[in-house]
Amino acid sequence: MTHHITLILGDGIGPEVARAARRCVDATGEDIKWDEVEAGADLLERTGVLLPDAVVETIRRDKVAIKAPITTPVGTGFRSVNVHLRKVLDLYACLRPCKSYKGVRSRYDNIDLVVVRENTEDLYAGVEFEKGSDDVAELIRTIEKLSGSTIRKDSGISIKPISVTGTRRIVRFAFEYARANGRRKVTAVHKANIMKFSDGLFLEVAREVAKKYTDIEFEDRIVDNMCMQLVQKPELYDVLVLPNLYGDIVSDLCAGLAGGLGVAPGANIGDNCAVFEATHGSAPKYKGMNKVNPTALILSGVLMLRHINETGAADRLERAVAGVVAEGKYVTYDMKPNRDDPTAVGTSEMADAIIARMK
Ligand code: NAD
C-alpha cells in the first residue's frame, strides 16, 4: 500500500535530520510517497512567509507528517509554527515515549514510559491579561466580586481552562494507546488537592473514562509526588496522562531519564492528522555541519510507521537504530563517551549505518 507522508524540512539542523529520517524510513522498504515542503526561518528570510498555507493543506491531505525542528523567531511578531500547527490541525495529544536504549548514556537503564500530554487547554490556552491593563483591572474587580478573595492590583493573570470535553478525549487517547500497544497501566497526573475545579475535574473525568477500560489498570498521582517517584522508581510507571503544563514539564523529565534530547521522539496527534517530530529544537549553531544526532527524528519515524499500521517496518527500523546505538561505533559526537572523540560520525553517516543494519 502506498502511503502519502508530508516531510517538513524545517530550519537550522532541520533539513539534515529530516533527510536522514526520510532515508531510514525509505530503507524499511515501505512504499512511501513523500511530499517534501519547506517552513521555518530560512523560508521566512527568502519569502517573508514562515508557514505557507499550502503546507497546512498538504498535511490535511496526507493526514500524516514528519516535521523537522523549526526556530521560533524572536520579536518578529510571528507565533511559533509548532503551536500554530497544533492549533489549526487540532492535534490535541502530544505523545512522548521515553525508552532506554543500550549505549545511550543515562543514570537509568530501565526506562520505558509513555507521556501523553493534553495539547490545547490549561495555562497554554493563551488567555492572558497583562499587568496594569484596563482588562486586568476589570478582571480583578470581577474575580473579587465573584470569589470574595483579593488579588494584588499589580498582578498579571493567566487563565487555566480544563474542560470535560478536552479531558475526556485525552484520557481516552491514553487508554486507546495503552490498549493498542500492549501497555498495562495508565496513571493520571494532577494537582486536584489544590485546584479542585480544574485539576479536580481532570481527575474526575479521568476516573469516569477509566471505568470503560477494565483491561487496563488505572491510578492517579499528584504531580509533585509523581516527579519524585519517577526519579526514584520509574519502573513502577507505564503510560502517564497529564494536562498541558504538567505534561510539558514531566515529558522533559522523562526524556532526561531516558538519556536526553538526542534520542527523544514525539508526535502530536488529532482525530484527523498526526505530526511526528523530535523533542529537540533547531540547534542553529550546528546548522549545515552534518554533526547532530538524527536518532530522535528517526525514532519519530518509527512512531509514524506504527501510526500508519506498518508495525513490521517500525520494528525493523527501531531494531536497526538500537543496534547502531548499542554498538556505539557509527554514532554522532553526543553519543561518544568523550564529545571530542575523533571517531564520531556525522548525521548522514549515522543514518547510513542504520540503513546498513536493515539490509
Ligand atoms: P535545541 O534543542 O535546538 O538545542 C539545544 C542544544 O541541545 C543544542 O545547542 C545542542 O547542543 C543540543 N541538541 C539539540 N538537538 C540535538 C541533536 N539532534 N543532536 C545533538 N545535540 C542536540 O533548543 P534551543 O536552543 O532552546 O532552541 C532552538 C530553537 O528551536 C528555538 O527557536 C526554539 O524555539 C526551537 N524549538 C523548536 C522545536 C520544534 O520545532 N519542535 C522544539 C524545541 C525548540
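Scroll up to find the structure.
Here's a quick rundown of the structure. (Residues numbered from 1 in each chain as written. Predicted model: local features only at pLDDT ≥ 70, side-chain atom pairs only at ≥ 80, totals over all residues. Heavy atoms only, no water.)

Applying the stated rule across the entire model yields 31 salt bridges. The closest approach of N and O atoms between Glu219 and Arg221, which form a salt bridge, is 3.3 Å. Across the salt bridge formed by Arg306 and Glu318, the nearest N and O atoms sit 3.1 Å from each other. Taken together, the positions of Arg306 in helix 10 (residues 295-307) and Glu318 in helix 11 (residues 311-327) put the pair 12 residues apart, joining distant regions of the chain. A relative accessible area of 27% places Arg306 in the partly exposed class. Salt bridges sharing common partners tie together Arg19, Arg22, Asp26 and Glu36. (Salt bridge = Lys/Arg side-chain N within 4 Å of Asp/Glu carboxyl O. Helix = DSSP H or I, 4+ residues; strand = E, 2+ residues; numbered from the N terminus. Buried < 20%, exposed > 50% of the residue type's maximum accessible area, 1.4 Å probe, protein only.)

Moving on, we come to helix 5 (residues 134-147). Think of an α-helix as turning once every 3.6 residues; residues three or four places apart then point the same way. The terminal C-alpha atoms of helix 5, which comprises 14 residues, lie 20 Å apart, in line with the 20 Å expected from a rise of 1.5 Å per residue. Listed in full, the buried residues belonging to helix 5 are Val136, Leu139 and Ile140. Down the axis, helix 5 shows its buried residues gathered within 100 degrees of arc, on one side only. Facing away from the buried side of helix 5 by over 90 degrees, the exposed positions are Asp134, Arg141 and Lys145. At its buried positions, helix 5 is contacted by strand 6 (128-129) and strand 7 (157-158). (Expected span 1.5 Å × (residues − 1). Arc of directions from axis to C-beta. Contact = heavy atoms within 4.5 Å.)

Moving on: the site of the ligand. What surrounds the ligand is a group of 20 residues, the closest being Ile70, Thr72, Gly281, Ala283 and Asn293. At 2.7 Å from an oxygen atom of the ligand is found a main-chain nitrogen or oxygen belonging to Gly281. Tyr333 places a side-chain nitrogen or oxygen 3.4 Å from a nitrogen atom of the ligand. Protein chains bury 70% of the 810 Å² of accessible surface belonging to the ligand in isolation. (Near = heavy atom within 4 Å. Polar contact = N/O pair within 3.5 Å; in protein donor to acceptor, adjacent residues only side chain to side chain. Areas by Shrake-Rupley, 256 points an atom, 1.4 Å probe, with all protein chains shown as cover.)

All right, on to the side chain of His3 then. Mapped onto the secondary structure, His3 falls in strand 1 (residues 3-8). The class of His3 is buried, set by a relative accessible area of 7%. Polar side-chain contacts of His3 include one of 2.7 Å to the side chain of Glu310.

Although it is not a glycine, Lys63 sits at a positive phi angle of roughly 75 degrees. Checked against the element boundaries, Lys63 lands in the loop between helix 3 (53-62) and strand 3 (64-67). Under the relative-accessibility criterion, Lys63 is labelled partly exposed at 45%. Of note, the phi angle at Ala283 is positive, near 30 degrees, even though the residue is not glycine.

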